[in-house]
Structure formats: structure tokens, C-alpha cells
Amino acid sequence: MRYGGTERVVHALTEELVRRGHDVTLFAAGTCETSARLHPACPEPLWDMGVADPLAVRILQVEEVVRLSGEFDVIHSHLDYLPWLAGERLRAPLVTTLHGRLDLPELRPLFRSYRSQALVSISNAQRRPLADLALNWVATVHHGLSLGDTYQFGAGEGGYLVFLGRIAPEKDPVTAIRVAVRAGLPLKIAARVDPVDSEYFQTQVEPLLQHPLIELVGELDDRGKDELLGGAIALLMPVAWDEPFGLVFIEALAAGTPVVSRPRGSLPELIRDGEHGFLAETEAELIEACHSAPSPNRAGCRRWALERFSVIRMTDDYENVYRKLAQRQSALPELAEAMVVGPQAGPFVPGESPRQMSDSDEASRAS
């Protein structure tokens, strides 16, 4: 399994809800592996089906949710705003977790028109672009994963920095390369290049890969990421945008690897500056941070990640959200059933490799 951020979070949440005894129906592609009751909204992920108009499939998925909505206490959507068009036809309360960026100008009139929709943010920072609209924020729920099962503690003995995730302007691999070279430290780049970013890679990044300190290792599975992060001095990800949440940061911390980044978006919520890494603005400050990266307590970094970003904590938070909505609807004290509407473009399937991203870490392309 390589990358598919929203899909991984939905899978982790669904599995934990089922483990706790909830009756969960997951709307997702028919190839999805889940302990929940699977309602196949389409036979396989849309990128495998090669459909010319994915919106048509998504609309049918929403119609299926509407048709069955009377069977559930709560509907938890990860499909952004499309289900809002169903309005009062939904016979159960709907809550939407927003996984993407909210600073696009076309979103303001949309959210203004749907102020009453119950929303969950994945960081407090994610809300800022729409803070003046007085939206119906129910909670902020930071992502959680089974980090301890996936990532082992590493001592950082490899002596290198690592850039992990996706090569794109908002991730700023160019600055990462310049910082590593000026710091005199090896940098391993474990990242994929999406088609939309191919020109950026060819013109801005590829010419810099010839330096002897820089190594492009490509996209890795969980085992490869575990080994790479565990041996790294630090994760160097100088993001150039206000990232709503980045799974790569908590993955690094789970391996005991400090984070070197900028104080943008959710980063100040994910790490304590100086304790789990360093948040710096300028290249000179980032270089200094890379040299200082061995100073944070790696065991403390791992402990912070496993406690603060566990699937247990995330599910606790979502149970509180569900219970609140169910009680508003029916005044029942306990939650009996839930429906989770997964990302239609590609549910997380253990062992498979999603080829498009729709997660908080890839928010600009969220489906």
C-alpha cells in the first residue's frame, strides 16, 4: 500500500467503529476491503474504470445514500459538498468532514449558501479562510491512524534528510533540495509525480537531482517508508501553502523522526516547535533547523504521535460528533448505526496502490 490519504483515514475509522460494535455501512467501490457492510457505489475505483464523467457516478452514489438514509442514525460524508444538494430528502442527520483546502474563491458563495450544514474540520487552521461566514462547525478532528502498527521506532542512524509524499509546488521540493545542499546533508526524495505536476518536475525539480547529495528513490510502500523515515535525521518538508493536515508529518513522528517545515496551516497544531522538530520560514533558518534536528527526543516524537494521532483518539472524537447529531435528531442517548460515505474516487484497499490523491495532504486535488 502506497498512498491514498483520505482513503486510509476512512478505512481506519470504519474498522475501529466496527471493532467497537457499531453497525456501519460503507459506501465505496466494490473492491474495497472492509469489516463494515459494504454498499458498492461502483464496481471499482473510478480511476480503474476510466469513466469520462465521474460526476455522473458520484450523483448516483448520493442518490443511493438518499434512498437508504432512513435506515441510519447518522450519515458521515467524505464527499465534500455534493450530498448537500439532497437537502431534506435525507432522513438522517448528515455531517461532512472537509479534507481539502478552503481558500479557493469559488467556495465562499457555496459555503455561504449552506451555512447550516454540519461540518468537521481536520485542523483549526483549515477553517481560517471561511472564519467570517459563521459556519456550523461541529468539531475539529485531527486525523488518526494505526501508526504504531505501521511504523517502528528508528534511531536516525542513516545520516540523511527525507522528503516524502508528492512532488508539487505546494510541497516545495525545490527549497528542500536547496536547503539540503547548502546544509551539506544528503536528501532522499521518496515521492511520486502526478501528471498535473509533470511539467513542474521536469523544469524545476529534475535539473536539481544531479547533485551528489540528492537521491530520488521514488514512491514507497509502508515498509519502505518505515525504513526510510526510521533512518532519517529529519523529515524536510518546507510546505509552501497552508496545508489543512499532512499525514506524512505524523508518520514521520511515529518513526521518531523530527519534522523540519514552515509554520504554515496545520503544522503548529501537529508539532511543538523545538520539541518535535522545527518550524522555520527562511532558507537560512531551515538550514539551521536541519543541523539542529538531532536534538529533539526521538522517543518523545514517537510518543506524541502515537498518543495524539491514534485511530483510537480519532474515533473517540467522531463518536462524540455522531452522538451529538443523533441526539439532536431523535434524543436517543446511544448511537446504534452509522453510515460512512467513503471517497468515491478510490476507497482505501489494503495492498493496493491508489494513483490519485484526495486526502488532506493532497487537498488541492481532493475529490
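Residues numbered from 1 in each chain as written. Predicted model: local features only at pLDDT ≥ 70, side-chain atom pairs only at ≥ 80, totals over all residues. Heavy atoms only, no water.

J.: Help me get a handle on the overall build of the chain, residues and values and all.
T.: For the chain, the count of helices and strands is 13 helices and 13 strands. Out of the 367 residues in the chain, the part that is buried amounts to 58%. Of all intrachain contacts in the chain linking residues separated by at least 6 positions in sequence, the fraction that spans at least 24 positions is 68%. Roughly 14,400 Å² of accessible area belongs to the chain as shown, and the carbon and sulfur atoms make up 49% of that amount. (Helix = DSSP H or I, 4+ residues; strand = E, 2+ residues; numbered from the N terminus. Buried < 20%, exposed > 50% of the residue type's maximum accessible area, 1.4 Å probe, protein only. Contact = heavy atoms within 4.5 Å. Areas by Shrake-Rupley, 256 points an atom, 1.4 Å probe, with all protein chains shown as cover.)

J.: I'd love a proper account of the pattern of salt bridges, names of residues and values included.
T.: Taken as a whole, this structure holds 25 salt bridges when the rule is applied. For Glu319, the salt bridge identified is with Arg20, shortest N-O distance 2.8 Å. You can see Glu319 sitting in helix 13 (residues 311–330) and its partner Arg20 sitting in the loop between helix 1 (5–19) and strand 1 (23–29), a full 299 residues away along the chain. Between Arg89 and Glu63 there is a salt bridge, with the nearest N and O atoms lying 2.7 Å from each other. Within this pair, whereas Arg89 is found in the loop between strand 3 (74–77) and strand 4 (94–98), its partner Glu63 is found in helix 3 (residues 54–68), the two being separated by 26 residues in sequence. A single network of salt bridges, built from pairs that share partners, joins Glu16, Arg19, Arg20, Asp316 and Glu319. (Salt bridge = Lys/Arg side-chain N within 4 Å of Asp/Glu carboxyl O.)

J.: Go over the packing of helix 6 (residues 173–183) against helix 11 (residues 283–292) with me, naming the residues and quoting the values.
T.: Closest axis-to-axis distance for the helix 6/helix 11 pair is 9 Å, and the angle between their directions is 60°. Put simply, helix 6 runs oblique to helix 11. When the axes of helix 6 and helix 11 are compared, the crossing they make is right-handed. For the pair helix 6 and helix 11, the contacting residues are Thr175, Arg178, Val179, Arg182 and Ala183 in the first and Glu283, Leu286, Ile287, Cys290 and His291 in the second. Looking at the contact of helix 6 with helix 11 residue by residue, the class counts come to 5 nonpolar, 2 polar and 3 charged. (Axes fitted to C-alpha atoms, helices over the stretch in contact; angles between N-to-C directions. Parallel < 35°, antiparallel > 145°, perpendicular 65-115°, else oblique. Left-handed = near helix turned anticlockwise from the far one by under 90°. Nonpolar A, V, L, I, M, F, W, Y, C, P; charged D, E, K, R; others polar.)

J.: Which residues make up helix 11, and what are the values?
T.: Buried residues of helix 11: Glu283, Leu286, Ile287, Ala289 and Cys290, and no others. Down the axis of helix 11, the smallest arc covering the buried residues is 160°, so these residues share one side. Taken together, the buried residues of helix 11 touch strand 7 (160–166), helix 6, strand 10 (232–236), strand 11 (259–261) and strand 12 (277–279). (Arc of directions from axis to C-beta.)

J.: Account for the nonpolar core, with residues named and values stated.
T.: Residues Leu161, Leu187, Ile189, Leu235 and Phe249 are the most contacted members of the largest nonpolar core, which totals 86 residues. When near neighbours in sequence (up to four residues on either side) are disregarded, Leu235 contacts Val162, Leu164, Leu229, Val248, Phe249, Ala252, Thr257, Pro258, Val259 and Val260. In this structure, Val66, Phe111, Leu130 and Leu135 belong to the second largest nonpolar core, which totals 22 residues. (Core = buried A, V, L, I, M, F, W, Y, C linked by side-chain atoms within 4.5 Å.)

J.: Just give me the short version of unusual backbone geometry, but keep the residues and values in it.
T.: Even without glycine at this site, Ala134 takes up a positive phi of about 55°. With respect to the secondary-structure elements, Ala134 resides in the loop between strand 5 (118–121) and strand 6 (137–140). The residue Asp172 is not glycine, and still its phi comes out positive at about 60°. Asp172 sits in the buried class, given a relative accessible area of 11%.

J.: Describe the environment of Val181, with residues and values.
T.: As for its position among the elements, Val181 is in helix 6. When the C-alpha atoms of Val181 and Pro212 are compared, they prove to be 9.1 Å apart, with 31 residues separating the residues in sequence. If near-sequence neighbours (up to four positions away) are discounted, Val181 is found in contact with His211, Leu213 and Ile214.

J.: Tell me about the sheet that holds strand 9 (residues 214–216), and name the residues and values.
T.: Read across the sheet, 6 strands follow the order 9-8-7-10-11-12 without closing on themselves; strand pairing throughout is parallel. Here the strands that pair on one side only, and so sit at the sheet edges, are strand 9 and strand 12. Here the strands of the sheet are splayed against their neighbours by 25° on average, with no regard to which way each runs. In terms of strand pairing, strand 8 (residues 187–192) meets strand 9 through 3 bridges, oriented parallel. Bridge pairing links Lys188 to Glu215 in strand 9. (Pairing = 2+ DSSP bridges.)

J.: Help me get a handle on helix 7 (residues 198–205), residues and values and all.
T.: Residues Tyr200, Phe201 and Val205 constitute the buried set of helix 7. Take helix 7 and look down its axis: the buried residues cluster within an arc of 100°, on one side only. Away from its buried face, by an angle of more than 90 degrees, helix 7 presents the exposed residues Glu199 and Gln202. Close packing links the buried residues of helix 7 with helix 6 and strand 9.

J.: Go over the confidence of the model for the chain, please, and point to the residues and values.
T.: Mean pLDDT over the chain stands at 88; residues scoring 70 or higher make up 87%. Segment residues 344–367: pLDDT under 50, and 97 contacts once partners within four positions in sequence are set aside and those in other chains are kept. (pLDDT = per-residue confidence, 0-100.)

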